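Here's the letter readout for the chains.
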Amino acid sequence: MLGPAIGPGDGPQAPAPRRPRRAGLLIASAALLALLCGGVGGYVGSELAGRQDSSSADVAAGNVEAIANKALPSVVTIRISSSSGVPRGSGSGFVLRSDGYIVTNNHVASAGGDGAGLKVLFSDQSEADARIVGVSPTYDLAVLKVERKDLPALELGESDDLKVGQSVIAVGAPLGLTGSVTTGIVSALNRPVVTGDDDSSGGASSESNSRSYMNAIQTDAAINQGNSGGPLLDLRGKVIGVNSAIYSSRSGGSIGLGFAIPADQVRRTSDQLIRTGKAEYPVIGLDFDPGYSGDGVKVSKINPDGPAAKAGVKEGDVITSIDGVATKDPKTFLVTLRSKEIGDTITVGFKTGEEQKSVTMRTGAGS
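Residues numbered from 1 in each chain as written. Predicted model: local features only at pLDDT ≥ 70, side-chain atom pairs only at ≥ 80, totals over all residues. Heavy atoms only, no water.

### Comments concerning the environment of Val313
Okay, step 1: Within the element layout of this structure, Val313 appears in the loop between α5 (307-311) and β18 (318-322).
Okay, step 2: Its relative accessible area of 4% is what places Val313 among the buried residues.
Okay, step 3: Placed 37 residues apart in sequence, Val313 and Phe350 show a C-alpha to C-alpha distance of 7.9 Å.
Okay, step 4: Beyond its immediate chain neighbours, meaning those up to four positions away, Val313 contacts Val299, Ile302, Ala308, Phe350, Val359 and Met361. (Helix = DSSP H or I, 4+ residues; strand = E, 2+ residues; numbered from the N terminus. Buried < 20%, exposed > 50% of the residue type's maximum accessible area, 1.4 Å probe, protein only. Contact = heavy atoms within 4.5 Å.)

Here is the structure:
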């Protein structure tokens, strides 16, 4: 069972694979997938953060205790309230830059609605009001800003270098238990995870719809509600992912199937949010038919000035792959496309009638 992990007071889980009004998650499965915002907020690792810093040699050697001790002061709990002050749960985040920039999930930052209050709780038991610098529903990422200086920041690693089976460490505030550290491995890479409100057919109709898309890192490290927005670390202490979703039991607990947004995507999106307050994503200039039931994505409308049209794709064609990855349905098409960078050259396979073709094109920018 996949259940949303958004914390006390959020109401029961819907059995169907739909996201609740504030947060939820869809994946290609009959089970319900959960976003991880929630739990009772608290202070992050006040005891562990007080220990003596471990040496860089210990961190380089993959000493979990040393990595946890070094990372905990950089991991924060985010408490969310509505504009009227009603608590709306909590999530996690981490310091990206020492001058007060903090990364978390969009579904954490946006959980309180318009005019929400956000407080960031640090490991030294201090707290600060936070403002939203920018959010990306497309990638389920957000950047917050607090008026603090000299904060201990975590370093983003290279998620493209990850290998299945390598050890990882998750840090955050599951179920309000702040400063929690769990370990596991990378269980799989490039898992297509789609979040957001869905229609009855489960289909997406456009490259520009408002749902979120993750080419996710799967891990068996125990993550639960409240972990959302917290870091997934490698054994060098670098952030290789941002925890965002889990499969859960009917009671909402972890069953060892968690999903994180890769660090390479986090780097691109957070840089855009800090620079401009908004994020862009790659597009090829088309809409597709959500009612199409065959394998692939049937083009229903195409921008005559877009990359796909210029490469020879037409309305009625069926896109079957991107860079050799099969696009069996709209979800896998969009997850695969959104994992690219703007301006990347990609190879698109498609069918025109019974003829299979392949063309190259450069992705454009959408927002």
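Back to the text.
### Regarding unusual backbone geometry
Among all residues save glycine, negative phi is the norm, and among peptide bonds the norm is trans.
Okay, step 1: Positive phi, close to 60°, is recorded for Asp150, a residue that is not glycine.
Okay, step 2: With respect to the secondary-structure elements, Asp150 resides in the loop between β8 (141-146) and β9 (167-172).
Okay, step 3: Positive phi outside glycine occurs at Leu175, with the angle close to 55°.
Okay, step 4: Summarising the element assignment, Leu175 is placed in the loop between β9 and β10 (180-195).

### A look at the pairing of strand β20 (residues 345-352)
The side chains of a regular strand alternate between both faces of the sheet.
Okay, step 1: Where β18 lies against β20, 4 bridges are found, and the strand directions are antiparallel. Looking at β20, one finds that Ile319 is bridged to Phe350.
Okay, step 2: Taking the residues between adjacent antiparallel strands as the criterion, β20 and strand β21 (residues 355-362) are bridged by 2 residues, where Gly353 takes a positive phi near 65°. (Pairing = 2+ DSSP bridges.)

### A short note on the pattern of salt bridges
Okay, step 1: Counting across every chain of the model gives 11 salt bridges.
Okay, step 2: Among the salt bridges present, the one from Lys119 reaches Glu127, with a minimum N-O distance of 3.7 Å.
Okay, step 3: When its relative accessible area of 33% is taken as the criterion, Lys119 is described as partly exposed.
Okay, step 4: Of the charged contacts in the structure, one is a salt bridge between Lys238 and Glu155, with a shortest N-O distance of 3.4 Å. Placement of Lys238 in the loop between β12 (231-233) and β13 (239-248) and of Glu155 in the loop between β8 and β9 is noted, with a sequence separation of 83 residues between them.
Okay, step 5: Exposure remark for Glu155: the relative accessible area of 48% places this residue in the partly exposed category.
Okay, step 6: What you see here is one network of salt bridges that share partners, running through Lys119, Glu127 and Asp129. (Salt bridge = Lys/Arg side-chain N within 4 Å of Asp/Glu carboxyl O.)

### Thoughts on the confidence of the model for the chain
When pLDDT is low, close inspection of the predicted coordinates is not appropriate.
Okay, step 1: A residue-level look at the chain finds 79% of positions with pLDDT of 70 or above and a mean pLDDT of 82.
Okay, step 2: This stretch, residues 39-55, has a pLDDT under 50; its non-local contacts, to residues over four places away or in other chains, come to 54 contacts.
Okay, step 3: Throughout residues 198-205 the model reports pLDDT below 50, and contacts reaching past four residues in sequence, or to other chains, amount to 23 contacts. (pLDDT = per-residue confidence, 0-100.)

### Some words on the sheet that holds strand β5 (residues 101-104)
Okay, step 1: With antiparallel pairing, the 6 strands of this closed barrel are ordered in space as β3-β4-β5-β8-β7-β6. In this sheet, adjacent strand axes meet at a mean angle of 40° when their direction is disregarded.
Okay, step 2: Set on the sheet, helix α4 (residues 263-276) makes contact with β4 (87-97), β5, β7 (127-136) and β8; between it and β8 the angle comes to about 50°. (Axes fitted to C-alpha atoms, helices over the stretch in contact; angles between N-to-C directions.)

### Regarding α4
Okay, step 1: Taking 1.5 Å of rise per residue, 14 residues should cover 20 Å, and α4 covers 20 Å from first to last C-alpha, within 8% of that figure.
Okay, step 2: Two residues or fewer past α4, Gly277 is found with a positive phi of approximately 85°. (Expected span 1.5 Å × (residues − 1).)

### Some points on the layout of surface pockets
Okay, step 1: The calculated volume of the largest pocket comes to roughly 360 Å³.
Okay, step 2: In terms of lining, the largest pocket is formed by 19 residues, of which the most central are Asp160, Asn190, Asn215, Pro262 and Ser339.
Okay, step 3: Elements with a contribution of two residues or more to the lining of the largest pocket: β10, β11 (212-219), β14 (254-262), α4 and α6 (330-338).
Okay, step 4: The residue inventory of the lining of the largest pocket, partitioned by class, reads 9 nonpolar, 5 polar and 5 charged.
Okay, step 5: Taken together, domain 2 (166-194 + 210-276) and domain 3 (281-366) each give at least three residues to the lining of the largest pocket, which thus spans both. (1 Å grid on protein atoms, 1.4 Å probe; cavity = no way out; pocket = protein on both sides within 12 Å on 5 of 7 lines; lining within 4 Å. Points joined across faces, edges and corners; volume = space filled by probe spheres on them. Nonpolar A, V, L, I, M, F, W, Y, C, P; charged D, E, K, R; others polar. Domains from an automatic or database assignment.)

### Section: the packing of aromatic side chains
Okay, step 1: Inspection of the entire model under this criterion finds 2 aromatic pairs.
Okay, step 2: Judged by centre distance (5.6 Å) and plane angle (80°), the rings of Phe288 and Phe333 are edge-to-face. Separated by 45 residues along the polypeptide, Phe288 in strand β16 (residues 286-288) and Phe333 in helix α6 bring together distant segments of the chain.
Okay, step 3: On the accessibility criterion, Phe333 (0% relative accessible area) is buried.
Okay, step 4: Note that Arg338 overlies the ring of Tyr281, its terminal NZ or CZ placed 4.1 Å from the centroid. (Phe/Tyr/Trp six-rings, centres within 6.5 Å; stacked < 30°, edge-to-face > 60°. Lys NZ or Arg CZ within 6 Å of the ring centre and 35° of its normal.)

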